[in-house]
Amino acid sequence: MVLEDVCELIADCPHTTAPDEGKGYPLIRTPNVGKGRLLLEGVHRVSKDIYDKRNMRAIPQKDDIIFAREAPAGNAALIREGQEVCLGQRTVLIRPDCEKVFPEYLVYYLLAPEQQYKLLGTANGATVAHVNLPVIRKMPIELPDIDVQQKIAGYISIYDDLIENNQRQIKLLEEAAQRLYKEWFVDLRFPGYEDCKIVDGVPVEWEKNKLDEIADVIMGQSPKSEFYNKEHKGLPFHQGVGSYGARFVQDDTYSTSFTKVAEANSILFSVRAPVGRLNITKNKIVIGRGIAAINSKSGFQSYLFYALKERFFKDDILGNGAIFASISKNELLNQVFVIPDEKIMAAYEKIATALDKKIEVVDMQLQQLVEARDRLLPKLMNGEIEV
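How each quantity is defined
- Residues numbered from 1 in each chain as written.
- Predicted model: local features only at pLDDT ≥ 70, side-chain atom pairs only at ≥ 80, totals over all residues.
- Heavy atoms only, no water.
- Helix = DSSP H or I, 4+ residues; strand = E, 2+ residues; numbered from the N terminus.
- Rg over C-alpha atoms; globule rule 2.2 N^0.38 Å.
- Buried < 20%, exposed > 50% of the residue type's maximum accessible area, 1.4 Å probe, protein only.
- Pairing = 2+ DSSP bridges.
- Axes fitted to C-alpha atoms, helices over the stretch in contact; angles between N-to-C directions.
- Parallel < 35°, antiparallel > 145°, perpendicular 65-115°, else oblique.
- Contact = heavy atoms within 4.5 Å.
- Nonpolar A, V, L, I, M, F, W, Y, C, P; charged D, E, K, R; others polar.
- Patch = residues over 30% accessible without salt bridge, like charges linked within 9 Å, V, L, I, M, F, W, Y side chains within 5 Å.
- Areas by Shrake-Rupley, 256 points an atom, 1.4 Å probe, with all protein chains shown as cover.
- Salt bridge = Lys/Arg side-chain N within 4 Å of Asp/Glu carboxyl O.
- Core = buried A, V, L, I, M, F, W, Y, C linked by side-chain atoms within 4.5 Å.
- Phe/Tyr/Trp six-rings, centres within 6.5 Å; stacked < 30°, edge-to-face > 60°.
- Disulfide = S-S within 2.5 Å.
- Polar contact = N/O pair within 3.5 Å; in protein donor to acceptor, adjacent residues only side chain to side chain.

**What to know about the overall build of the chain**
Stage number 1. From N to C terminus, the chain includes nine helices and 21 strands.
Stage number 2. Against the compact-globule benchmark of 21 Å for 387 residues, the chain has a radius of gyration of 23 Å, which places it among compact chains.
Stage number 3. Seen through its principal axes, the chain has C-alpha atoms that stretch 75 × 50 × 40 Å.
Stage number 4. Burial status across the chain gives 47% buried among its 387 residues.

So, in structure tokens, the structure goes:
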């Protein structure tokens, strides 16, 4: 039996791009395909007309699976109740036959190591960069009884629910710090604003400074590729930031040859498409050409993070709506920010830092849940743990 035997359809995506229109229906590109769930933070959106055109082959519906064929290949996510989406490039729509396979089980089955190897592995042990449609359709598959499938899916989904809850907590904590930043430093409703004189749109004793006056900025420089390895030798290497909305970068590539290093708690800023994504590093890392590491000269790191987040509020777009395909060192260093007096700055930093520390704790719990789920998944799928 192969995968297409237990599916009603396996349909490729349209081989065209669709620009982000900012509102409308979610356009599921490969970065939006997580491990089991769709990642809709910062998702591109399209109009009803584009939605209809991209869904001419099949309209994605509840319990369908979206599979990422590349960049990165192998992720699969289940469409849940109320999620009206259309396919971006390099994705495949899989519609399970619910009489033969439990949809939630199938998405976890596709994510298990054995199936990932069947889809992504090669005869010489290398991992393919993309998966062709015939390989997906003809992937060998063995399934337990439906009731067993439902039990296995239930166990794993408990972890995914907890992971999703932690992700929501992180988002809410970050939004709280961002709202306070906007209230104090954009809307100028900071403590004592009633008695503060405003001159040229800025409270007296506040300043406007360029980024290079308030922060140390290190532009990345990539080492030679032969020094990259996955054996945890050297330091973690990053040449770009994670998906939009991700707080911390995840280390999976390492380098023993480097020239540019970012210290722990540095703000990582994407300097080329997508410009303006922000991450934070938990430890010392090597940075490549795609990112800059930014640190406050005065130690007000949380203020600086949320100031940058307010300015670059969405991929490639500045707060004034200007669009950047890339940003040079000079353009970045010349970005001007309003700097409040030290008392107000310190008051905000105290609140924002407390929120950021809560985020770190929740993220640590989240990573533990991800690791536990990933250990459990193959054991359930290969029968090592009975249900």
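Next, the rest of the story.
**Some thoughts on the sheet that holds strand β12 (residues 215–219)**
Stage number 1. Across the sheet, four strands lie side by side as β12-β20-β17-β18; this open sheet has antiparallel pairing. This sheet does not close on itself; its edge strands, each paired only once, are β12 and β18 (278–280). If you compare each strand with its neighbour and ignore which way they point, the axes differ by 25° on average.
Stage number 2. Sheet analysis places strand β17 (residues 267–270) next to strand β20 (residues 291–296), joined by four bridges and oriented antiparallel.

**Regarding the packing of helix α5 (residues 146–186) against helix α7 (residues 301–311)**
Stage number 1. Close contact between α5 and α7 brings their axes to 10 Å; oriented N to C, the two are set at 80°. One way to sum up the angle between α5 and α7 is to call them roughly perpendicular. Contacts between α5 and α7 pair E174, A177, Q178, Y181, K182, F185 and V186 from the former with Y303, F305, Y306, A307, K309 and E310 from the latter.
Stage number 2. When its residues are assigned to classes, the contact of α5 with α7 shows eight nonpolar, one polar and four charged.

**Structural notes on a nonpolar patch on the surface**
Stage number 1. On the surface, Y155, I158, L162 and V387 cluster together into a nonpolar patch covering about 350 Å² of accessible area.
Stage number 2. Note on placement: V387 falls in the segment after α9 (342–381).
Stage number 3. Residue class for V387 comes out partly exposed when judged on its relative accessible area of 37%.

**Side note on the nonpolar core**
Stage number 1. L211, F269, I294, Y303, L332 and Y348 are the most contacted members of the largest nonpolar core, which totals 49 residues.
Stage number 2. With 10 residues, α9 is the largest single contributor of residues to this core.
Stage number 3. Apart from residues lying up to four places away in sequence, Y348 is in contact with A177, L180, Y181, W184, F185, Y303 and Y306.
Stage number 4. Judged by nonpolar contacts, the second largest core, of 34 residues, contains A73, A76, I136 and A153.

**Focus: the packing of aromatic side chains**
When we look at a pair of aromatic rings, we describe it by the centre distance and by the angle of the planes.
Stage number 1. Counted under the stated rule, the structure contains 15 aromatic pairs.
Stage number 2. Aromatic pair Y105 and Y109: ring centres 5.9 Å apart, planes at 35°, arrangement tilted. Of this pair, Y105 and Y109 both sit in helix α2 (residues 103–111), four residues apart, roughly one helical turn.
Stage number 3. Ring centres 5.0 Å apart and planes at 90° place the aromatic pair F305 and Y306 in the edge-to-face group. When sorted by exposure, F305 lands in the same class as Y306, which is buried.
Stage number 4. Counting every residue linked through ring pairs, the aromatic cluster contains Y181, W184, F185, F190, Y193, W206, Y303 and Y348.

**Quick notes on the pattern of salt bridges**
Stage number 1. For the coordinates displayed, the defined rule picks out 21 salt bridges.
Stage number 2. E263 serves as the salt-bridge partner of K284, at 4.0 Å between the closest nitrogen and oxygen. In this pair, K284 is assigned in the loop between β18 and β19 (285–287) and E263 in the loop between β16 (261–262) and β17, connecting sequence segments 21 residues apart.
Stage number 3. Classification of E263 as partly exposed rests on a relative accessible area of 43%.

**Notes on the state of the cysteines**
Stage number 1. Summed over the entire model, instances satisfying the criterion amount to zero disulfides.
Stage number 2. There is no disulfide at C13, and the cysteine sulfur nearest it, in C86, is 11 Å away.
Stage number 3. A relative accessible area of 1% places C13 in the buried class.

**Describing the side chain of R247**
Stage number 1. By secondary structure assignment, the location of R247 is in the loop between β14 (235–238) and β15 (254–255).
Stage number 2. A polar side-chain atom of R247 sits 3.2 Å from a polar atom in the side chain of Y306.
Stage number 3. Engagement of the side chain of R247 in a polar contact is seen with the side chain of D356, the distance being 2.7 Å.

**Re the packing of α7 against α9**
Stage number 1. Running from N to C, α7 and α9 point in directions that differ by 85°, and their axes come no closer than 8 Å. Considering their axes alone, α7 and α9 lie roughly perpendicular with respect to each other. Residues Q301, S302, Y303 and Y306 of α7 pack against M345, Y348, E349, A352, T353, D356 and I359 of α9.

**Examining the sheet that holds strand β7 (residues 86–87)**
Stage number 1. The strand order across the open sheet built from three strands is β4-β2-β7, with neighbouring strands paired in mixed fashion. Each of the sheet's edge strands pairs with one partner strand only, and the pair in question is β4 (44–46) and β7.
Stage number 2. Two elements, strand β2 (residues 25–28) and β7, share two bridges in a ladder whose sense is parallel. Each bridged residue has a counterpart across the sheet, and for I28 the counterpart in β7 is L87.

**Structural notes on α7**
Turn by turn, an α-helix covers 3.6 residues, leaving residues three or four places apart pointing in a common direction.
Stage number 1. Most of α7 is tucked away: eight of the 11 residues are buried.
Stage number 2. Burial in α7 covers these residues: Q301, S302, Y303, L304, F305, Y306, A307 and L308.

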